[in-house]
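Take a look at the letters that make up each chain.
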Amino acid sequence: MLGKCFSAICIISIIFACFTGNIGNMANAILDGASRAVTLSFDLLGMMCLWCAILKVAEKSGAIEFLAKLLRPILKLIFPDAYKNGSITAITAAISANILGIGNAATPLAVNAMQKMQETNDTPDTATDDMVTFTVLGTASLDILPTTLLAMRRAAGSAEPYKIIIPIWICSACCAAFAVMLARGLCICGRLNRSKKT
Amino acid sequence: MNIEFISSLIIPFIMLAVSLIVLSPKKNYFDEFLIGAKEGAYSAFNLLPTLIALIVALSMFSASGAVDFIAELLAPVCSAIGVPSELLPLLITRPVSGSAASSAYLDLLSKYGADSFAGLCASVIMGSSDTLIYVIAVYFGAVSVKKTRHTSFTAFIVMLFCIFLSCAIARTFFT
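So, a few notes on the structure that sits alongside this text.

Now for the interface of chain A and chain B. Taken residue by residue, the interface counts 89 residues in chain A and 92 residues in chain B. Carbon and sulfur atoms supply 78% of the area buried between chain A and chain B, which totals about 7,800 Å² over both sides. Counting across the chain A and chain B interface gives 5 salt bridges. Here A:Asp125 ties to B:Lys147 by a salt bridge, and the two come within 3.1 Å at their closest N and O atoms. Where chain A touches chain B, the interface holds 21 residue pairs in polar contact (both at pLDDT 80 or more). Of all elements in the fold, only helix H1 (2-20), helix H2 (23-60), helix H6 (103-119), helix H7 (129-139), helix H8 (147-155) and helix H9 (165-197) of chain A reach the threshold of two or more residues within the side of chain A that touches chain B. Per element, the largest residue contribution to the side of chain A that touches chain B is 24 residues, and it comes from H2(A). For the side of chain A that touches chain B, the class distribution of residues is 61 nonpolar, 19 polar and 9 charged.

So, about helix H6 (residues 117-128) of chain B. Taking 1.5 Å as the rise per residue, H6(B) with 12 residues should run 16 Å; its terminal C-alpha atoms sit 17 Å apart, in good agreement. With 11 of its 12 residues buried, H6(B) lies for the most part within the structure. Taken together, the buried positions of H6(B) are B:Ala118, B:Gly119, B:Leu120, B:Cys121, B:Ala122, B:Ser123, B:Val124, B:Ile125, B:Met126, B:Gly127 and B:Ser128. Looking at the buried side of H6(B), the elements it contacts are H8 and H9 of chain A together with helix H4 (88-93), helix H5 (98-112) and helix H8 (151-174) of chain B.

Below, the discussion takes up the packing of helix H3 (residues 63-78) of chain A against helix H5 (residues 88-100) of chain A. Describing two packed helices takes the angle between their axes plus the distance from one axis to the other. Residue and element names in this part refer to chain A. Between H3 and H5, whose axes approach to 9 Å, the crossing angle comes to 115°. Considering how the two elements wind past one another, H3 and H5 form a crossing that is right-handed. Within the contact between the two elements, H3 uses Ile 64, Leu 67, Ala 68, Leu 71, Arg 72 and Leu 75 and H5 uses Ile 88, Thr 89, Thr 92, Ile 95, Ser 96, Ile 99 and Leu 100. Along the lines of polarity and charge, the residues of the contact of H3 with H5 split into 9 nonpolar, 3 polar and 1 charged.

Criteria and cut-off values
- Residues numbered from 1 in each chain as written.
- Chains lettered and ligands numbered in written order.
- Predicted model: local features only at pLDDT ≥ 70, side-chain atom pairs only at ≥ 80, totals over all residues.
- Heavy atoms only, no water.
- Contact = heavy atoms within 4.5 Å.
- Buried area = accessible area lost by both parts, 1.4 Å probe.
- Salt bridge = Lys/Arg side-chain N within 4 Å of Asp/Glu carboxyl O.
- Polar contact = N/O pair within 3.5 Å; in protein donor to acceptor, adjacent residues only side chain to side chain.
- Helix = DSSP H or I, 4+ residues; strand = E, 2+ residues; numbered from the N terminus.
- Nonpolar A, V, L, I, M, F, W, Y, C, P; charged D, E, K, R; others polar.
- Expected span 1.5 Å × (residues − 1).
- Buried < 20%, exposed > 50% of the residue type's maximum accessible area, 1.4 Å probe, protein only.
- Axes fitted to C-alpha atoms, helices over the stretch in contact; angles between N-to-C directions.
- Left-handed = near helix turned anticlockwise from the far one by under 90°.

See the structure below:
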């Protein structure tokens, strides 16, 4: 996937450069690009280490379980079926990890939640309402402190890299609410359509 | 109490919370801290190869004049919905690949400045959206569900909503 993207971008660029006469520019850009990638990784290294360390402490001290407890009443409303069949615990864990931005843990936890939902799925080749809602919610970032983003802004010379945090919270919250409503709304529409046909 | 001041308190507050946890005699939390830092270093170095490939490709792309060409084509659409046309490379890569989007984002920041309006819009988009195709593929791939019903459609609409909202929020907060 990524390989094809890489080739496509390179080939299109070379064709374009031939037509616009930017070949010389592009040759320099290749050299600069490679060294810029290295500088960048070093700029990000410090913040990534620090944040992973903080999250490790949070994980071991039970902060994630605490967050899960806080989220439970809200998730009960969003995933009513999961609450009945017991997969809500796995869903809560996955969403808590997503909120804290624990990338390494969030994906396996989400996969685990999907497997739990699949166990009680009567139609194993088709997604349930809860699965659709959960996945759509997963595509809207819930990350409460986007540290890599802050590090990148700092590396790019921003004087106040963190001033975007509150706008991001507002935007994330609105998108998540919209995602849940749209996914649930379309589930209900689908059910109405099906019952009309029969 | 302005927004910059409140935002600047968040990180010091987290450091305070962590240092209090580390003081707790129950467990050696500082060792966990160090293990976490090591994992961070590992994932940062893991990112480097992809970053090199994609940053080189994207530098070629913008130096060849292709970006200007596409941006000029799409500029009327963008300005109609209030999205700066500088964001286009980011918007194209955001749903497809996380590392490609990071490269496009960094490219944008270094070109226009992190605190420019385009830079701020891009930051809000990066912070409130995710790699749509990856998430759907991994989540449903894990349980081998073939019929995902309206998942992709809904996720796509949510992302469009997110892009539009990000720029609207950036406009109210920063201009």
